[in-house]
Amino acid sequence: MAETHVLFVEDDDVIREATQLALERDGFNVTAMPDGLAGLEAFRANRPDIALLDVMLPGLDGVSLCRRIRDESTVPVIMLSARADSIDVVLGLEAGADDYVTKPFDGAVLVARIRAVLRRFGHASGAAGDSGEAGQSGERGVLTFGDLEVDTEGMEVRRAGVPVGLTPTEMRLLLEFSSAPGTVLSRDKLLERVWDYGWGGDTRVVDVHVQRLRTKIGQDRIETVRGFGYKLKA
């Protein structure tokens, strides 16, 4: 099996070198870069399987780098932030990051997050369960909600007949909603099912991804149930 190629962009020499060694000991192939511009160049040259980006980077900050990567690819991105309550976390998620880890981090935690992200990217169809049987369309595996069509087998989404480009995380999220239309899904449940969190996680990750999904499939398609979570309008 080929090694997973990780792009790691971090300007702190000590953190960059120590983390690279730790990841390599766990079997990852790591390309480490000290600034955002070098990171973007390395991304384009190597096309890694996953990118780890520090928020505060010289040359091109991590949020801008994430945005540039997302313009070109759906490769998973994890942001690294020194401040858990920072607006930078939300900005990174809004730019297209799939998850974030707060510094200082334990190497085992970082590896677990990386593997969790890679699992859901590699098994994007797994979140749907038996949703194809609950389809509201005659076409096998295609669920219809108003002008929204979700092909749970082809992993495609169309709105009014026009293809909608979703990242794998957004697709997993939509599959969870479409497998139980009209059912309220709590943020904790979505963290567990989509982000593979077996422990408590930051619900901002869910909120930002729901908002990103709304901009693509329609703002009124996913309803907020205050105090409980979200549901897809049947």
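All figures in this text were calculated on a predicted structure; none of them were measured in a lab.

Helix and strand counts for the protein chain come out as eight helices and eleven strands. Burial statistics for the protein chain: of 234 residues in total, 50% are counted as buried. Considering only residue pairs separated by 6 or more positions, the protein chain has 59% of its internal contacts joining residues 24 or more positions apart. As displayed, the protein chain has an accessible area near 10,700 Å², and 49% of this comes from carbon and sulfur atoms.

Put simply, the protein chain has an average pLDDT of 87, and 88% of its residues get 70 or more. In the predicted structure, residues 123-138 sits below a pLDDT of 50 and forms 29 contacts with residues beyond four places in sequence or in another chain.

Another aspect to go through is helix H6 (residues 168-179). Over its twelve residues, H6 runs 16 Å from end to end, which matches the ideal 16 Å to within 8%, given 1.5 Å per residue. Here H6 lies mainly inside the structure; eleven of its twelve residues are buried. Taken as a whole, H6 has its buried residues at Pro168, Thr169, Glu170, Met171, Arg172, Leu173, Leu174, Leu175, Glu176, Phe177 and Ser178.

Our focus in this paragraph is the packing of helix H4 (residues 87-94) against helix H8 (residues 204-217). The geometry of H4 relative to H8 is characterised by a closest axis approach of 9 Å and an angle of 35° between their N-to-C directions. Handedness of the H4/H8 crossing: right-handed. When H4 is examined against H8, the residues Val89, Val90, Leu93 and Glu94 are found in contact with a partner set consisting of Arg204, Val205, Val208, His209 and Arg212. The residue makeup of the contact of H4 with H8, split by class, is five nonpolar, one polar and three charged.

The topology assignment puts Arg16 in helix H1 (residues 13-25). Assessed through its relative accessible area of 11%, Arg16 is described here as buried. At 2.8 Å, the side chain of Arg16 forms a polar contact with the backbone oxygen of Glu10. Within polar-contact distance, the side chain of Arg16 engages the side chain of Asp13 at 2.8 Å. Each residue touching Arg16, except ones within four places of it in the same chain, is listed here: Phe8, Glu10, Asp11, Ala32, Met33 and Pro34.

A few words now on the sheet that holds strand S6 (residues 142-145). Taken in spatial order, the four strands make up an open sheet running S6-S7-S8-S9, and their pairing is antiparallel. The strands lining the two open edges of the sheet, one partner per strand, are S6 and strand S9 (162-163). Sheet topology note: the strand S8 (residues 156-159)/S9 ladder contains two bridges and is antiparallel. Paired with Arg158 across the strands is Pro163, a residue of S9.

About the thresholds
- Residues numbered from 1 in each chain as written.
- Predicted model: local features only at pLDDT ≥ 70, side-chain atom pairs only at ≥ 80, totals over all residues.
- Heavy atoms only, no water.
- Helix = DSSP H or I, 4+ residues; strand = E, 2+ residues; numbered from the N terminus.
- Buried < 20%, exposed > 50% of the residue type's maximum accessible area, 1.4 Å probe, protein only.
- Contact = heavy atoms within 4.5 Å.
- Areas by Shrake-Rupley, 256 points an atom, 1.4 Å probe, with all protein chains shown as cover.
- pLDDT = per-residue confidence, 0-100.
- Expected span 1.5 Å × (residues − 1).
- Axes fitted to C-alpha atoms, helices over the stretch in contact; angles between N-to-C directions.
- Left-handed = near helix turned anticlockwise from the far one by under 90°.
- Nonpolar A, V, L, I, M, F, W, Y, C, P; charged D, E, K, R; others polar.
- Polar contact = N/O pair within 3.5 Å; in protein donor to acceptor, adjacent residues only side chain to side chain.
- Pairing = 2+ DSSP bridges.

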